[in-house]
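As a plain string of letters, each chain reads:
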Amino acid sequence: MILNGEYYQRKIETKTQKQALGAVMNKLLRIIFSVLKNKQAFRLISPDQQVEMYQQHLKKSA
């Protein structure tokens, strides 16, 4: 996840301010929902860690 408004700044390059704000709100909402649904504390992980976790999940499923 990108911190310190970098996600918003990246979105505002291609969207209007309202659209970029909507994208930020949507991302936060998805994070909050996931934390509540899975009943686990939020952990900030890098994109590389995310890919690794996903690949491990695929191996377990196969």
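Let us look at the structure shown here. Per-chain numbering applies: the sequence of each chain, read as written, is numbered from 1 onward. It should be noted that, the model being predicted, local features are given only for residues of pLDDT at least 70 and side-chain atom pairs only at 80 or more, the latter also being counted only at that level, while totals for whole chains, interfaces and linings use all residues. Processing note: side-chain calculations cover all non-hydrogen atoms of the structure and skip hydrogens and water entirely.

Looking at the overall build of the chain
Counting its regular elements, the chain contains 3 helices and 0 strands. Every radius of gyration here is taken over C-alpha atoms, with the globule rule written as 2.2 Å times N^0.38, N being the number of residues. Computed over C-alpha atoms, the radius of gyration of the chain comes to 15 Å, more than 25% over the 11 Å expected from 2.2 N^0.38 for 62 residues, which places it beyond the range of a compact globule. Residue burial is assigned from relative accessible area. The probe radius is 1.4 Å, only protein chains are included, and a residue is buried under 20% of its type maximum, exposed over 50%, and partly exposed in between. By residue count, 5% of the 62 residues in the chain fall in the buried class. Under the convention used here, a 1.4 Å probe and the Shrake-Rupley method define accessible areas, while residue burial counts only the protein chains that appear. In the form shown here, the chain has an accessible surface area of approximately 5,800 Å², with 57% of it arising from carbon and sulfur atoms. None of His or the chain ends enter the tally, which takes Lys and Arg as positive and Asp and Glu as negative. To locate a charge, the coordinates of NZ of Lys, CZ of Arg, CG of Asp or CD of Glu are taken. Of the side-chain charges in the chain, 11 are positive and 4 negative, and the distance between the mean point of each set is 13 Å. Segments assigned H or I by DSSP are reported as helices when at least four residues long, segments assigned E as strands when at least two residues long, and all are numbered from the N terminus.

With respect to the environment of Tyr7
Considering the arrangement of structural elements, one finds Tyr7 in helix H1 (residues 6-12). By relative accessible area, Tyr7 is classed as buried at 13%. Linking Tyr7 and Ala23, residues 16 residues apart in sequence, is a C-alpha distance of 9.0 Å.

Describing the environment of Ser46
Within the secondary structure, Ser46 sits in the loop between helix H2 (17-38) and helix H3 (47-61). Taking C-alpha positions, Ser46 is 17 Å from Val35, a pair spaced 11 residues apart along the chain.

Here's the deal with unusual backbone geometry
Of note in this structure, Lys39 is not a glycine but carries a positive phi near 55°. Structurally, the position occupied by Lys39 is in the loop between H2 and H3.

Interpretation note: all reported values are geometric properties and have no functional meaning in isolation.
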